[in-house]
Amino acid sequence: MTAPTGDGAPARRSTPSLASNPRLGDWITITRDGRVLVRSGKVELGQGITTALAQIVADELDVDPARVALQPVRTGASPDEGLTSGSMSVQHSGDALREVCARVRAIYLAEASEELGRSPAELTVTDGEIRADYGGFVSYWSLADDRLLDIDIDDAPAGGVKAPGEYRAVGRSAPRVDGAAKIFGHPSYIHDLRFPGMLFGRVVRPPARVARLERVDDAVLCARDGIVDVVRDGSFLAVIAEDEAVAVAACRDLAAACSWSVTDSLPDQAALPDYLMSAPSVAETVYESLRPGAATTVRTFTRRFTRGYVEHASLAPSCGVAVWTDDDGLQVWSHSQGIYRLRQELAREFGMPVDRVVVTHAEGAGCYGHNGADDAAFDAALLARHVPGRHVQVVWSRQDEHTWEPFGPAMVTEIEVSLDEAAAVTAWRQDVWSNGHVSRPSSGGLPPLLGSQHRAEPLAPVAAGEPPFRTGGGMSRNSVPLYDFPSVTAVAHRLTEMPLRTSALRALGAHLNVYAIESVIDELAQEAGQDPIAYRLGRLTDPRARAVLEAVADRSGWGRAVGGETGRGVGFARYKNAGGYCAVVAEIEAEAEILVKKLTIAVDVGLVVNPDGVINQVEGGAIQAVSWTTLEQVHFDRAQVTSQDWETYPILRFEQVPAVDVVLLDRPGMPTLGSGEMAAGPTAAAIGNALADALGVRVSTLPLTPDAIVAAMP
């Protein structure tokens, strides 16, 4: 369902992608055979941006979307738009392409004007065909010339972007341009890549986070045919084989023939919150708003919320392909979220000029953040150096994926609320303890890739860093409530030691922070004797925030009675306090375990480019949040991660997936906002509040396992 709520042209804003990549020809090529080739710096991770961007291009150029072809993202050939992260792809790349295409259209209209003897204002464009009033016509395709677009955007003729009323493709659901190949099993993923003479590599991982390879008896491989090489570089050990099955078997044999020295290096999982709050850290007040004249505080209470480490848990493991040649240097294929950053890091690791490294994006099976893709690319490059001229593919094992990818950090969020004599909030303070949420290649401090930490001259791990709060933050993401409180303070305590490797996972700190905020808000509503949604509406001045809460209340039938062990709860947030608005109502059954029966979700992401795509993203993010909130947690002992497969790290199964109903509040007059991460926090909060509604128990420890629920009972 799409409910229009406004019209008018989208607000113009600065486009960082264009500032870094101003040349029009870097973005668009018009071909003589009737195609529009588009180069975006944002990669397809399963979120459907190739479809949405094609719709934007089609509208601005007045061509059929079928003519638009998004090109694979490759360093040196595609604009450098940094990372594909933070639900910013349509905002950044979409805005850039909208402006680029408006200029391209103006350039071609100027060319046609000379050919047809009419001013550009007198010409019309239909599917790339430019017509004059007397019947004469030319087309983009007949005029196609790369030299026309060899110009910076500021030097190109001005071309106004379309107003929403002129859209033909944007705002309408469109099938995924990449969907058919995947549905019908055509080669679509990096795992499907095959090159002539390609070899296959597998890496033997250490048995613990801190371990040194003392001895390996590679004679165990003598009887195996198809072994090309055994690579040992310090504690980095791998095999290269002619056949993938041979590589897998040889890796297993090698692992059994190794002797390691192991050092305990991990904290006690049973006391993880205490560790997070006592480990060395750096505190930063990321937000402070003190309103003078507030009422006198008469009571203060504190609530503490925790979650463990969380995996990306991609169904397909990480993969990389690489080849070294004398002419081309190093070529790599990766499902990385940041191919330019990966290129920079590979050049640094191998001591070579950046322009001698080419990284091409190839789709993986989704990632939801910084998983093992970059590490697998490094593994492939390191092995390929031993067999110049031949491509090497490295696929991680399931155990590798579960135990060695960067995790979403464990967190503690503590909220202190001060109340006046009428039980109104006078001050809100939120403290968050966590490792940083960024350890991507070539980010702050140059954190090394996994394999480089195990080489003979290892690069030491670097504690994960944090994105600035002004751009969304990491652990501090959504740590400031959107509600109108007189005094609000948020403090982030970033750990400076990192026992388990951490990095970005979908929504970053918003998952726990929104859970914590919305749990306390529900508690305050209960104390005030008010309906939870009415209480929230009474403290929200942003009309768009109010609208999503009112929409979800209406759609979910909020207020109707539920009984027995069934509960209903609500959660709300504006992602990063600057992105999309999301309100969720969850209905659950709480018996032996929590079963989420239904989620009703209302979202406002401004101008909706592809309604079906937005709904898919919101549904996917919400269902993943159900899994995180009720099931997922990394387990470890003092030396190693022990949740190494789907039995020890369970995720939501198909029979546990709730019904999901999404309401879109389309605002054509507003800029498009991202949708992929916005549902995580509100969904978690709605489930927690529904549990309190069903059982009368507020659980502050995630995931909401039976043990956590029992521990919370008085």
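Residues numbered from 1 in each chain as written. Predicted model: local features only at pLDDT ≥ 70, side-chain atom pairs only at ≥ 80, totals over all residues. Heavy atoms only, no water.

Trainee: How should the pairing of strand β16 (residues 329–334) be read in this particular structure?
Mentor: In the case of a regular strand, side chains alternate between the two sheet surfaces. Most of β16 sits out of view: five of its six residues are buried. Of the strand pairs in this sheet, strand β15 (residues 319–325) and β16 are connected by six bridges, and their pairing is antiparallel. In the sheet register, Gly320 faces β16, and the bridge partner there is Ser334. Where β15 folds back onto β16 in an antiparallel hairpin, the turn is made up of three residues. Pairing geometry for β16 and strand β17 (residues 357–361), over five bridges, is parallel. For Ser334, the partnering residue across the bridge sits in β17 and is His361. One crossover worth recording links β16 to the parallel β17 by way of helix α8 (residues 339–350), and it is right-handed. (Buried < 20%, exposed > 50% of the residue type's maximum accessible area, 1.4 Å probe, protein only. Helix = DSSP H or I, 4+ residues; strand = E, 2+ residues; numbered from the N terminus. Pairing = 2+ DSSP bridges. Right-handed = clockwise from strand over helix to strand, strands pointing away.)

Trainee: Just to check I follow, could you spell out the nonpolar core for this structure?
Mentor: Soluble globular proteins tend to bury their nonpolar side chains together. Ranked by size, the top nonpolar core spans 107 residues in total, and within it Val417, Trp428, Leu524, Phe572 and Ile601 carry the most contacts. Per-element accounting of this core gives the leading share, ten residues, to helix α11 (residues 510–528). Once residues lying within four places of it in the same chain are set aside, the contact partners of Ile601 are Val552, Cys582, Ala583, Val584, Val618, Ala622, Val660, Asp661, Val662 and Val663. (Core = buried A, V, L, I, M, F, W, Y, C linked by side-chain atoms within 4.5 Å. Contact = heavy atoms within 4.5 Å.)

Trainee: For this particular structure, what's the right way to read helix α14 (residues 611–630)?
Mentor: Every α-helix carries 3.6 residues per turn, so stepping three or four residues along brings you back to the same face. With 20 residues, α14 should reach 28 Å at 1.5 Å per residue; the first-to-last C-alpha distance of 29 Å fits that figure. Counting buried positions along α14 gives 15 out of 20 residues, so the element sits mostly inside the fold. (Expected span 1.5 Å × (residues − 1).)

Trainee: What is the right way to look at the sheet that holds strand β18 (residues 392–395) in this model?
Mentor: Strand pairing in a sheet relies on backbone hydrogen bonds, with the paired strands running either antiparallel or parallel. Pairing within the open sheet is mixed, and its seven strands lie in the order β10-β11-β8-β18-β15-β16-β17. The sheet terminates laterally at β10 (227–233) and β17, the two strands that pair on one side only. Neighbour to neighbour, the strand axes of the sheet diverge by 20° on average, direction disregarded. Set on the sheet, helix α6 (residues 244–256) makes contact with β8 (199–204), β10, β11 (236–241) and β18; between it and β8 the angle comes to about 20°. (Axes fitted to C-alpha atoms, helices over the stretch in contact; angles between N-to-C directions.)

Trainee: What should I look at first to understand the packing of aromatic side chains in this one?
Mentor: Evaluated as defined, the whole model comprises eleven aromatic pairs. A centroid spacing of 5.3 Å and a plane angle of 10° characterise the contact between Trp428 and Phe485, whose relative ring orientation is stacked. One end of the pair, Trp428, is in strand β20 (residues 425–434); the other, Phe485, is in the loop between β20 and β21 (487–495), and 57 residues separate them in sequence. For the residue pair Trp428 and Phe485, the accessibility class agrees, reading buried in each case. Taken together, the ring pairs in this structure connect Trp428, Tyr483, Phe485 and Phe572 into an aromatic cluster. Note that Arg209 overlies the ring of Trp404, its terminal NZ or CZ placed 4.4 Å from the centroid. (Phe/Tyr/Trp six-rings, centres within 6.5 Å; stacked < 30°, edge-to-face > 60°. Lys NZ or Arg CZ within 6 Å of the ring centre and 35° of its normal.)

Trainee: Help me understand the sheet that holds strand β6 (residues 129–131) in this model?
Mentor: Taken in spatial order, the three strands line up as β5-β6-β7 in an open sheet, and their pairing is antiparallel. Edge positions in the sheet fall to β5 (124–126) and β7 (137–139), since each has one partner strand and no second. On average, each strand axis in the sheet is tilted by 25° relative to the strand beside it, whichever way the strands run. Contacting β5, β6 and β7, helix α3 (residues 89–116) crosses the sheet at an angle of about 50° to β6.

Trainee: I would appreciate a short explanation of the packing of helix α2 (residues 49–61) against α3 in the present structure.
Mentor: Packed helix pairs are specified by the crossing angle of their axes together with the interaxial distance, meaning the distance between the axes. At a closest axis distance of 8 Å, the pairing of α2 and α3 adopts a crossing angle of 25°. Between α2 and α3, the angle falls in the class roughly parallel. Remark: the crossing between α2 and α3 carries right-handed chirality. Along the contact surface, α2 presents Ile49, Ala52, Leu53, Ile56, Val57, Glu60 and Leu61, while α3 presents Ser89, Val90, Ser93, Gly94, Leu97, Arg98, Cys101, Ala102, Val104 and Arg105. Among the residues forming the contact of α2 with α3, the class breakdown is eleven nonpolar, three polar and three charged. (Parallel < 35°, antiparallel > 145°, perpendicular 65-115°, else oblique. Left-handed = near helix turned anticlockwise from the far one by under 90°. Nonpolar A, V, L, I, M, F, W, Y, C, P; charged D, E, K, R; others polar.)

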